[in-house]
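Here's the letter readout for the chains.
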Amino acid sequence: LLDEMDNGYFPANAKYQAVFKNPIFNAGMTGNEVRFSRPLRPEMFPEDNILNVGDSDNGPITGMYPTKNALVITKARGIYLIKGDSDNGFYTETLTRDAGCVAHNSVAELPGVGLVFLGEDGVNLLDGALENTGTPTRVINLSQPIPGLMKRINRSAVVNACGAIYHRDKEYWLAVPTLGASVNNLILVYHYEAMAWSYREDFPIACMLSTRDHRGYLIFGSHDSTTNPGLH
């Protein structure tokens, strides 16, 4: 009575994972494939539960981020949306092929604004509700006021960049490596209520996250294991 092909196996070599409307979605295995599990069954991945996102011309998948209305899939040059549900089926939409994300850990959600992330052309904002609400979803380049700082980024190590929201001060922190460095040593800070930039140096940030409680702390893990190790 049990067909193992209907259950499937957990995707091997998945780099990115997200939960969207009960199934777990996995990407980054090979090519443009996104595989998703049965609803509320994270161990079962039927062979037919596959979506092909974009094409090889836009490069491999570089990240996933779930929102209320869609699962956002990014490539280096392309942003795509997965919509639908388990009852009626999931489907993909192409949002743009002109912008994308080059560092999956740089994605964060500005409260009440949209998703912000680091792309090939700078820091981008995905503005809109990702639904047919009459307001178009668009990609806005936020880093136009700081071209000098953007030129300092080491593009060969940009995959190590990471970002998070510091709720207490209403800031988006983006840690990036500068030219000649393989680790993050420059912090670009976007003050999203004032729509202005500042920067900070000598923060050894390898990864970071913001707490969801009333304190709104920003916690980062250090890449300096000799003089500044641990969590801060």
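Above this text sits the structure in question.
Reference entry: report on the structure contained in this document. (Residues numbered from 1 in each chain as written. Predicted model: local features only at pLDDT ≥ 70, side-chain atom pairs only at ≥ 80, totals over all residues. Heavy atoms only, no water.)

Structural notes on the sheet that holds strand 5 (residues 61–66)
1) Next: Read from one edge to the other, the open sheet built from 4 strands follows the order 5-6-7-8, with strand pairing classed as antiparallel. The strands lining the two open edges of the sheet, one partner per strand, are strand 5 and strand 8 (89–96). The mean inter-strand angle of the sheet, taken between neighbouring strand axes irrespective of direction, is 25°.
2) Next: When strand 5 meets strand 6 (residues 71–75), the two strands line up antiparallel, connected through 5 bridges. Looking at the pairing, tyrosine 65 lines up with valine 72 of strand 6. (Pairing = 2+ DSSP bridges. Helix = DSSP H or I, 4+ residues; strand = E, 2+ residues; numbered from the N terminus. Axes fitted to C-alpha atoms, helices over the stretch in contact; angles between N-to-C directions.)

Description of the sheet that holds strand 2 (residues 24–27)
In sheet architecture, strand pairing relies on hydrogen bonds along the backbone and comes in two forms, parallel and antiparallel.
1) Next: Spatially, 4 strands are ordered 1-2-3-4 in an open sheet, and the strand pairing comes out antiparallel. If you trace the sheet from one side to the other, it starts and ends with strand 1 (16–19) and strand 4 (50–52), each paired once. Adjacent strand axes in the sheet meet at a mean angle of 25°, parallel and antiparallel pairs treated alike.
2) Next: With 3 bridges connecting them, strand 2 and strand 3 (residues 33–36) associate as antiparallel partners.

Concerning the pattern of salt bridges
1) Next: According to the stated counting rule, one finds 8 salt bridges in the structure shown.
2) Next: When the shortest N-O distance is used, the salt bridge between lysine 83 and glutamate 93 registers 3.4 Å. Here the residue lysine 83 occupies a position in strand 7 (residues 78–85), and glutamate 93 occupies one in strand 8, the gap between them amounting to 10 residues.
3) Next: Here lysine 83 falls in the buried class, since its relative accessible area comes to 6%.
4) Next: On the basis of relative accessibility, which here comes to 32%, the residue glutamate 93 falls in the partly exposed class. (Salt bridge = Lys/Arg side-chain N within 4 Å of Asp/Glu carboxyl O. Buried < 20%, exposed > 50% of the residue type's maximum accessible area, 1.4 Å probe, protein only.)

Some details on the nonpolar core
1) Next: Within the largest apolar cluster, 25 residues are counted, with the highest numbers of intra-cluster contacts made by Leu110, Leu118, Val123, Tyr172, Val176 and Leu188.
2) Next: The set of elements that each furnish at least two residues to this core consists of strand 9 (108–110), strand 10 (114–119), strand 11 (122–127), helix 2 (147–151), strand 14 (171–176) and strand 15 (186–191).
3) Next: Counting 16 residues, the second largest nonpolar core, distinct from the first, contains Phe25, Ala27, Val34 and Ile82. (Core = buried A, V, L, I, M, F, W, Y, C linked by side-chain atoms within 4.5 Å.)

Looking at the pairing of strand 8
1) Next: Taken together, the 7 bridges between strand 7 and strand 8 define a ladder with antiparallel strand orientation. Within the sheet, the bridge partner assigned to aspartate 85 lies in strand 8 and is glycine 89.

Points about the state of the cysteines
1) Next: Enumeration over the complete set of coordinates arrives at 0 disulfides.
2) Next: Looking at cysteine 162, it has no disulfide partner, and the nearest cysteine sulfur is the one in cysteine 207, 6.6 Å off.
3) Next: Overall, the relative accessible area of 3% leaves cysteine 162 in the buried class.
4) Next: Cysteine 207 sits in the partly exposed class, given a relative accessible area of 44%. (Disulfide = S-S within 2.5 Å.)

What about the packing of aromatic side chains?
1) Next: The tally for this structure, following the rule as stated, stands at 10 aromatic pairs.
2) Next: In textbook terms, an aromatic cluster arises when at least three aromatic residues are bridged by ring pairs, as seen for Phe20, Phe25, Phe36 and Phe90. (Phe/Tyr/Trp six-rings, centres within 6.5 Å; stacked < 30°, edge-to-face > 60°.)

Details of a nonpolar patch on the surface
1) Next: Judged by side-chain polarity, Leu209, Tyr217, Ile219 and Leu231 come together as a nonpolar surface patch covering roughly 390 Å² of accessible area.
2) Next: As for its placement among the helices and strands, leucine 209 is situated in strand 17 (residues 205–210). (Patch = residues over 30% accessible without salt bridge, like charges linked within 9 Å, V, L, I, M, F, W, Y side chains within 5 Å. Areas by Shrake-Rupley, 256 points an atom, 1.4 Å probe, with all protein chains shown as cover.)

Notes on the environment of alanine 164
1) Next: Within the secondary structure, alanine 164 sits in strand 13 (residues 162–166).
2) Next: Residue classification places alanine 164 among the buried positions, given a relative accessible area of 5%.
3) Next: Sequence separation between alanine 164 and alanine 175 is 11 residues; the distance between their C-alpha atoms is 9.1 Å.
4) Next: Apart from the residues within four sequence positions on either side, alanine 164 is in contact with Ala108, Glu171, Tyr172, Trp173, Met208, Leu209, Ser210 and Leu218. (Contact = heavy atoms within 4.5 Å.)

Thoughts on the pairing of strand 3
1) Next: Between strand 2 and strand 3, which pair antiparallel and follow one another directly, the connecting turn spans 5 residues, one of which, glycine 28, has a positive phi of 90°.
2) Next: Two strands pair when backbone bridges link them, and strand 3 and strand 4 are joined in this way by 3 bridges, in the antiparallel orientation. Bridging from a neighbouring strand, arginine 35 pairs with isoleucine 50 of strand 4.

Some remarks on the environment of leucine 115
1) Next: Summarising the element assignment, leucine 115 is placed in strand 10.
2) Next: Owing to a relative accessible area of 4%, leucine 115 belongs among the buried residues under this scheme.
3) Next: Between the C-alpha atoms of leucine 115 and aspartate 98, which are 17 residues apart in sequence, the distance is 16 Å.

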